[in-house]
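# A closer look at the structure
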Amino acid sequence: MGAIFQSLGRTISAGVVILIVIALVAGTFGKMGEYAWWTFFMRWLHVLTGIMWIGLLWYFNFVQTPSMPKIPDEQKPAITKVIAPEALFWFRWAALATVVTGLILAHMNGYLGKALSLSAPFHAIGVGMWLALVMAFNVWFIIWPNQKKALGIVQVDADAKAKAARMAMLTSRFNTMLSIPMLYCMVAQQNSGL
Ligand code: HEM
């Protein structure tokens, strides 16, 4: 058991094995010829990547940013040089994967264009998709470029570095705000609507 949990790769593989066992017992593999099953599978992939993205967004906003002022200056590089770059790697690629799986899912559901044009009865998912697209744009074109300057991955002077850190922080807060209605809209389409 210990050998599994000492490696992240083996831990994830163990999760997949448990899933396969559950699918075997439930007879899920028999449904793999059906279109509806693949839509369901894409929905699962989408929620998985979305949790990775929004989980890290909330980690930054609920944990890392509020903790920075409490960390002594000589220990801050542990965050800025090691933890933040690693977290940002998973953060931005999870954002992209969520957009891709979400768009494929909407296409498989047959309402991609209708949702993006906010046509009835796809208002809920349409609004959710637009909110999430704005958030993903912010990740790739505002937060990440500014974080590169703030973390010293791209060299700039001290003034530009401070401005970049503030812009990244404010945009990240903006995304945290949008994540609340975005998630409501995501789950609303299948349930109560808006
Ligand atoms: C641009 C990005 C996104 C697009 C295009 C997108 C698209 C979609 C679509 C088409 C659905 C299916 C709705 C339905 O018919 O029930 C959906 C559901 C969902 N999405 Fe997203 N989404 C995006 C971002 C996100 C993010 C960031 C999260 C965060 C976790 C998320 C979480 C969910 C959840 C939990 C569901 C409900 C699944 C269910 O009820 O079975 N989505 N999304």
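Shown above is the structure to which this text applies.
All of the points below concern the structure found in this document. These figures come from a predicted structure and were not determined experimentally. (Residues numbered from 1 in each chain as written. Predicted model: local features only at pLDDT ≥ 70, side-chain atom pairs only at ≥ 80, totals over all residues.)

Within the largest apolar cluster, 28 residues are counted, with the highest numbers of intra-cluster contacts made by Trp53, Phe91, Ile125 and Cys185. Broken down by secondary-structure element, the contributors of at least two residues to this core are helix H3 (35-67), helix H4 (76-108), helix H6 (123-150) and helix H7 (158-188). Broken down by element, this core gets its largest block of residues, 10 residues, from H6. In contact with Ile125, other than residues within four places in its own chain, are Ala106, Ala115, Cys185 and Gln189. (Core = buried A, V, L, I, M, F, W, Y, C linked by C-beta atoms within 7 Å. Buried ≥ 20, exposed ≤ 12 C-beta atoms within 10 Å, placed from the backbone. Helix = DSSP H or I, 4+ residues; strand = E, 2+ residues; numbered from the N terminus. Contact = placed C-beta atoms within 7 Å.)

Let us look at the site of the ligand. Gly50, Gly102, Ala132, Met186 and Gln190 are the nearest of the 24 residues found near the ligand. For the shell around the ligand, the element with the highest residue contribution is H3, accounting for 7 residues. Residues that form the shell around the ligand fall into these classes: 16 nonpolar, 7 polar and 1 charged. (Near = placed C-beta within 6 Å. Nonpolar A, V, L, I, M, F, W, Y, C, P; charged D, E, K, R; others polar.)

Moving on: the environment of Gly126. Structurally, the position occupied by Gly126 is in helix H6. By C-beta crowding, Gly126 is classed as buried, having 23 other C-beta atoms within 10 Å. The contacts of Gly126, once residues within four sequence positions are left out, are Ala115, Leu116 and Leu118.

Our next topic: H6. The terminal C-alpha atoms of H6, which comprises 28 residues, lie 38 Å apart, in line with the 40 Å expected from a rise of 1.5 Å per residue. The largest bend along H6 measures about 40 degrees and falls at Val139. Backbone geometry just after H6 places Gly152 at a positive phi near 85 degrees. (Expected span 1.5 Å × (residues − 1). Bend = angle between axes of the 7 residues up to and from the residue.)

To continue, consider the packing of H3 against H4. For the pair H3 and H4, the least separation of the axes is 8 Å and the interaxial angle reads 150 degrees. Viewed along their axes, H3 and H4 adopt a mutual orientation that is roughly antiparallel. Both H3 and H4 take part in a crossing whose hand is left-handed. (Axes fitted to C-alpha atoms, helices over the stretch in contact; angles between N-to-C directions. Parallel < 35°, antiparallel > 145°, perpendicular 65-115°, else oblique. Left-handed = near helix turned anticlockwise from the far one by under 90°.)

The axes of two packed helices give the description: the angle between them and the distance between them. With their axes 10 Å apart at the nearest point, H3 and H7 run at an angle of 125 degrees to one another. The angle between the axes of H3 and H7 places the two elements in the oblique class. The two elements H3 and H7 meet at a crossing, and its hand is left-handed. Along the contact surface, H3 presents Ile54, Leu57, Trp58, Phe60, Asn61 and Thr65, while H7 presents Met169, Ser172, Arg173, Asn175, Thr176 and Ser179.

Our focus in this paragraph is unusual backbone geometry. Note the cis peptide between Ala120 and Pro121, where omega equals 0 degrees. Within the secondary structure, Pro121 sits in the loop between helix H5 (112-116) and H6. In this structure, Leu118 takes a positive phi of about 55 degrees despite not being glycine. With respect to the helices, strands and loops of the structure, Leu118 is situated in the loop between H5 and H6. Under the C-beta neighbour-count criterion, Leu118 is labelled partly exposed, with 14 such atoms within 10 Å.

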